[in-house]
Amino acid sequence: MYLSLITGVILYICYNIALTNTSVENIDKILINLISAANCYFVSWYLTLYFYNNETITEYKDYCIIVGNIYYTYDAIRMINSKLTKSRVVLICHHIFAMYVLNNGYQYVYILFYLAECSMLFHYPVYYLKKTNSNYTNLLSTFQYLQAVTYIPIRCFAFLYVYYLSFFTHSLYINLIALPIYLMGVIWSYKLYKDCKKIS
């Protein structure tokens, strides 16, 4: 775990170096999106392999924990060093909680982690197209629909099902702490739904 924390700090330093040596418009948002996307795609890939192999090859799960710890450390440091807002404080708390549960082997957490990352697969292309003021409006609309079609069912229904099952196997404390993550997904799902209605 300590190596992951150190790597997260190094990633933050590299992020700062890239920021100070580039004059591209919105480069900070593009870099943040790129690093977040890399985390999402690596974790999704390794957890897909882990679950595909019936959870027998634990190295895949270990890679996810390492990548998650690196990303959460980097992102928490980045937010602490920028202007702290209420939403950033909530995200920092989320990152600390996520690192805690990932490193303490709650099995259903890996399923929720997998679902969460899979639900975000189309978020990063949409964000990139919006922040670069791309002229690819048809591509943006397509990705926004794909984002809604993957995010909403996963975050509202699949999450709820796994969350419900966890009440029979895990402590009430862990389940209550996970509740805000589910509710954030429901709120964001409603926002995506409204955005898709504006497009059509």
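The notes below deal with the structure included here. Keep in mind it's a predicted model, so treat the numbers as computed, not measured. (Residues numbered from 1 in each chain as written. Predicted model: local features only at pLDDT ≥ 70, side-chain atom pairs only at ≥ 80, totals over all residues. Heavy atoms only, no water.)

Quick word on helix H2 (residues 27-52)
Under the 1.5 Å per step criterion, the end-to-end length of H2 is 37 Å for 26 residues, consistent within 8% with the ideal 38 Å. Looking one or two residues beyond H2, the residue adopting positive phi is asparagine 54, at roughly 55 degrees. (Helix = DSSP H or I, 4+ residues; strand = E, 2+ residues; numbered from the N terminus. Expected span 1.5 Å × (residues − 1).)

Overview of helix H5 (residues 107-119)
Its 13 residues place the ends of H5 19 Å apart at the C-alpha level, agreeing with the 18 Å of an ideal helix rising 1.5 Å per residue. Taking burial as the measure, the 13 residues of H5 include ten buried ones, the bulk of the element. For H5, the set of buried residues is Tyr108, Val109, Tyr110, Leu112, Phe113, Leu115, Ala116, Glu117, Cys118 and Ser119. Contacts from the buried residues of H5 go to H2, helix H3 (58-80), helix H4 (86-102), helix H7 (137-166) and helix H8 (172-199). (Buried < 20%, exposed > 50% of the residue type's maximum accessible area, 1.4 Å probe, protein only. Contact = heavy atoms within 4.5 Å.)

What about the pattern of salt bridges?
Under the definition given, this model contains two salt bridges. Note that arginine 78 and aspartate 75 form a salt bridge whose closest N and O atoms lie 2.7 Å from each other. Here aspartate 75 and arginine 78 lie together in helix H3, a separation of three residues that amounts to about one turn. When sorted by exposure, arginine 78 lands in the same class as aspartate 75, which is buried. Aspartate 195 is the salt-bridge partner of lysine 191, the closest N and O atoms lying 3.1 Å from each other. Pair noted here: lysine 191 and aspartate 195 are both in helix H8, with a separation of four residues, about one helical turn. For lysine 191, a relative accessible area of 36% gives the class partly exposed. On the basis of relative accessible area, aspartate 195 is assigned to the buried category, the value being 16%. (Salt bridge = Lys/Arg side-chain N within 4 Å of Asp/Glu carboxyl O.)

Looking at the nonpolar core
The biggest cluster of nonpolar side chains holds 35 residues, and the ones touching the most others in it are Tyr15, Tyr72, Tyr74, Tyr108 and Phe113. It is H5 that provides the largest number of residues to this core, a total of eight residues. Leaving out residues up to four positions away in the same chain, tyrosine 15 has contacts with Asp28, Leu31, Ile32, Ile35, Tyr74 and Arg78. Formed by ten residues, the second largest nonpolar core is a distinct cluster that contains Tyr124, Ala148, Leu192 and Cys196. (Core = buried A, V, L, I, M, F, W, Y, C linked by side-chain atoms within 4.5 Å.)

Here's the deal with unusual backbone geometry
Of note in the backbone geometry, asparagine 54 takes a positive phi value of approximately 55 degrees without being a glycine. Inspection of the secondary structure assignment puts asparagine 54 in the loop between H2 and H3. The residue glutamate 55 is not glycine, and still its phi comes out positive at about 60 degrees. With respect to the helices, strands and loops of the structure, glutamate 55 is situated in the loop between H2 and H3.

Here we look at the packing of H2 against H3
Contact geometry for H2 and H3: axes closest at 8 Å, N-to-C directions at 160 degrees. By the angle between their directions, the pair H2 and H3 is classed as roughly antiparallel. Note on packing geometry: the crossing formed by H2 with H3 is left-handed. Only Thr58, Tyr60, Lys61, Tyr63, Cys64, Val67, Gly68, Tyr71, Tyr74 and Arg78 of H3 make contact with H2, whose side of the interface consists of Ile32, Ile35, Ser36, Asn39, Phe42, Val43, Tyr46, Leu47, Leu49 and Tyr50. Counted by class, the contact of H2 with H3 contains 14 nonpolar, four polar and two charged residues. (Axes fitted to C-alpha atoms, helices over the stretch in contact; angles between N-to-C directions. Parallel < 35°, antiparallel > 145°, perpendicular 65-115°, else oblique. Left-handed = near helix turned anticlockwise from the far one by under 90°. Nonpolar A, V, L, I, M, F, W, Y, C, P; charged D, E, K, R; others polar.)

Considerations on the side chain of serine 44
Take serine 44: it is sitting in helix H2. Its relative accessible area of 6% is what places serine 44 among the buried residues. Within the structure, the side chain of serine 44 is placed 2.8 Å from the backbone oxygen of cysteine 40, a separation counted as a polar contact. When sequence neighbours within four positions are dropped, the list of residues in contact with serine 44 reads Tyr114, Glu117, Cys118 and Leu121. (Polar contact = N/O pair within 3.5 Å; in protein donor to acceptor, adjacent residues only side chain to side chain.)

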